[in-house]
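A closer look at the structure
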Amino acid sequence: MDTLEAFVAALPKVELHVHLVGSASVETVLGLARRHPEAGVPTTADGLGEFYRFSDFAHFLTVYRVVSGLLREPEDIADLVRGIGRDLAAQNVRYVELQVSPYPFQGMGMPDAAVSEALSTGARDALARYGVRIGYIVDFPGHDAERDAWPALRFALDNPPDGLVGFGIGGDEARRAPYTDLIRDVFEAAHSAGLRCVPHAGETTGAQTVWEAVRFLRAERIGHGIRSLDDPALVSYLADRQLPVDVSPTSNVCTRCVPSIAEHPLRRMIEAGLFVTLNSDDPPMFGTSLASEYLVAGRDLGFSPAELAGLAANGVRASFLDAPAKEALLAEIAAVPRPA
Ligand code: ADE
Ligand code: ZN
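The following paragraphs examine the structure supplied in this document. (Residues numbered from 1 in each chain as written. Chains lettered and ligands numbered in written order. Predicted model: local features only at pLDDT ≥ 70, side-chain atom pairs only at ≥ 80, totals over all residues. Heavy atoms only, no water.)

**Brief notes about the packing of aromatic side chains**
Inspection of the entire model under this criterion finds eleven aromatic pairs. Ring geometry for Phe167 against Phe187: centres 5.2 Å apart, planes inclined by 65°, an arrangement best described as edge-to-face. Here Phe187 lies in helix H9 (residues 180-192) and Phe167 lies in strand S4 (residues 164-170), a separation of 20 residues in the sequence. A single burial state applies to Phe167 and to Phe187, both of which are buried. An aromatic cluster is present here, built from Phe51, Tyr52, Phe54, Phe57, Phe60, Tyr64 and Phe286 joined pairwise through their rings. Just above the ring of Trp211 sits the side chain of Arg215; from NZ or CZ to the centre is 4.3 Å. (Phe/Tyr/Trp six-rings, centres within 6.5 Å; stacked < 30°, edge-to-face > 60°. Helix = DSSP H or I, 4+ residues; strand = E, 2+ residues; numbered from the N terminus. Buried < 20%, exposed > 50% of the residue type's maximum accessible area, 1.4 Å probe, protein only. Lys NZ or Arg CZ within 6 Å of the ring centre and 35° of its normal.)

**What about the coordination of the zinc ion (ligand 2)?**
Every protein donor of the zinc ion (ligand 2) is listed here as His17 (NE2), His19 (NE2), His200 (NE2) and Asp281 (OD), and their distances to the metal cover 2.0 to 2.3 Å. Seen from the zinc ion (ligand 2), its four donor atoms lie at angles of 88 to 169°, and the figure they make is irregular. Expressed as a motif, the donor residue spacing for the zinc ion (ligand 2) is H-x1-H-x180-H-x80-D. Taken together, the positions of His200 in strand S6 (residues 200-201) and Asp281 in the loop between strand S9 (276-278) and helix H14 (290-299) put the pair 81 residues apart, joining distant regions of the chain. Look at His200 and you get buried, because its relative accessible area is 4%. Judged by its relative accessible area of 2%, Asp281 falls in the buried class. (Donors = N, O, S within 2.8 Å, 3.2 Å for Na, K, Ca; no water. Tetrahedral: all angles 85-135°; square planar, octahedral: opposite > 155°, others 65-115°.)

**Overview of the side chain of Asp281**
Here Asp281 occupies a buried position and makes no salt bridge, while the nearest side chain of opposite charge, Arg221, is found at 11 Å. Of the polar contacts made by the side chain of Asp281, one reaches the side chain of Ser251; its length is 2.7 Å. Apart from residues lying up to four places away in sequence, Asp281 is in contact with His17, Val18, His19, His200, Glu203, His224, Ser248, Ser251 and Phe286. (Lys, Arg positive; Asp, Glu negative; His and termini not counted. Salt bridge = Lys/Arg side-chain N within 4 Å of Asp/Glu carboxyl O. Polar contact = N/O pair within 3.5 Å; in protein donor to acceptor, adjacent residues only side chain to side chain. Contact = heavy atoms within 4.5 Å.)

**Some remarks on the site of ligand 1**
Surveying the vicinity of ligand 1 reveals the residues His19, Phe57, Phe60, Tyr64, Gly170, Gly171, His200, Glu203, His224, Asp281 and Asp282. Contacts to ligand 1 include His19, whose side-chain N or O atom sits 3.3 Å from a nitrogen atom. At 3.5 Å from a nitrogen atom of ligand 1 is found a side-chain nitrogen or oxygen belonging to His224. Out of a free accessible area of 260 Å², ligand 1 has 95% covered by protein chains. For the shell around ligand 1, the element with the highest residue contribution is helix H4 (residues 57-68), accounting for three residues. A per-class count over the shell around ligand 1 returns three nonpolar, five polar and three charged. (Near = heavy atom within 4 Å. Areas by Shrake-Rupley, 256 points an atom, 1.4 Å probe, with all protein chains shown as cover. Nonpolar A, V, L, I, M, F, W, Y, C, P; charged D, E, K, R; others polar.)

**Looking at the sheet that holds strand S8 (residues 245-247)**
Pairing between the strands of a sheet comes from backbone hydrogen bonds, and it takes one of two forms, parallel or antiparallel. An order of S6-S7-S8-S9 is seen for the four strands of this open sheet, with the pairing classed as parallel. The open sheet is flanked by S6 and S9, the only strands paired with a single partner. (Pairing = 2+ DSSP bridges.)

**Brief notes about the packing of helix H10 (residues 207-216) against helix H11 (residues 232-241)**
Relative to each other, H10 and H11 sit at 35°, their axes nearing to 10 Å. Like other packed secondary-structure pairs, H10 and H11 cross with a definite hand, here left-handed. Here Ala207, Val210, Trp211 and Val214 of H10 come into contact with H11, specifically with Ala233, Leu234, Tyr237 and Leu238. A breakdown of the residues in the contact of H10 with H11 according to their chemical character gives eight nonpolar, no polar and no charged. (Axes fitted to C-alpha atoms, helices over the stretch in contact; angles between N-to-C directions. Left-handed = near helix turned anticlockwise from the far one by under 90°.)

All we've got here are geometric facts, nothing functional implied.
This is how it looks when you write it as structure tokens:
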């Protein structure tokens, strides 16, 4: 382990933008794929590595849906959450806001109550065994909003898993448009019910989607938001309010939203005054981890240890943790010795 790796490992971290199925380790996916070979997910590590090479964002979403179809029983979900807790603890991640899409489970006929119970059990075990606290964000794919938006909110409100904090929207931004009114209504209802709203926006489409998120979806953070730089008025709006933008550099390259890490706008976003946090999105699918994203920022984007500690602190501040938990983590981050 070199000095930077040791520093990143020592930094207590929070992960604010990561998906449940997209966090399944290669071992977990291979185990499920071997149990359900008809699902079409490769059963060897090499095959899965190839399966996880995405030609574009739509291809990524297709693969994501196929892998989601491997989870057939509530116990698969509880096991997955426990494994995520283990993998995060190994990186010194203390708290995660994990995005869960109920639609594949609803589509398979799993009762919402059983899925919710599995999420709660997994979170309880992750905390007890690995010391990782989980907050849940229930979301739905915007391109299937007509089918999935209200069932996602009903899942969240009628069967809230322990640790439920928020509501989100993912999927293909370009195919959200026909459902604009429906999406606004469901977010308004989520907000009224006390959920914190964290839409993906400005990942695959432009600044207009981020405007929609802040004007009409009650966004308290933006998922990705990398296209915000396209619009100076939007940059001013986000910077003035210090509205956090959750950035995942490796994800953006793997889904071909950004051509290469060297061209990733992370640093430009910070220089423009945006409040940025660093995240991993769907780590094993992108061959990354939260710790790796800090290393990418340090090695490929030139962030100093002090800047990396600043990103870790931003994550804590932008989280939905309570104030004492934030203070404790910020003090721990400040106490990690910085390498020269
Ligand atoms: N679902 C899982 N990962 C996603 C991403 N990066 N964008 C939109 N939807 C997703
Ligand atoms: Zn995401």
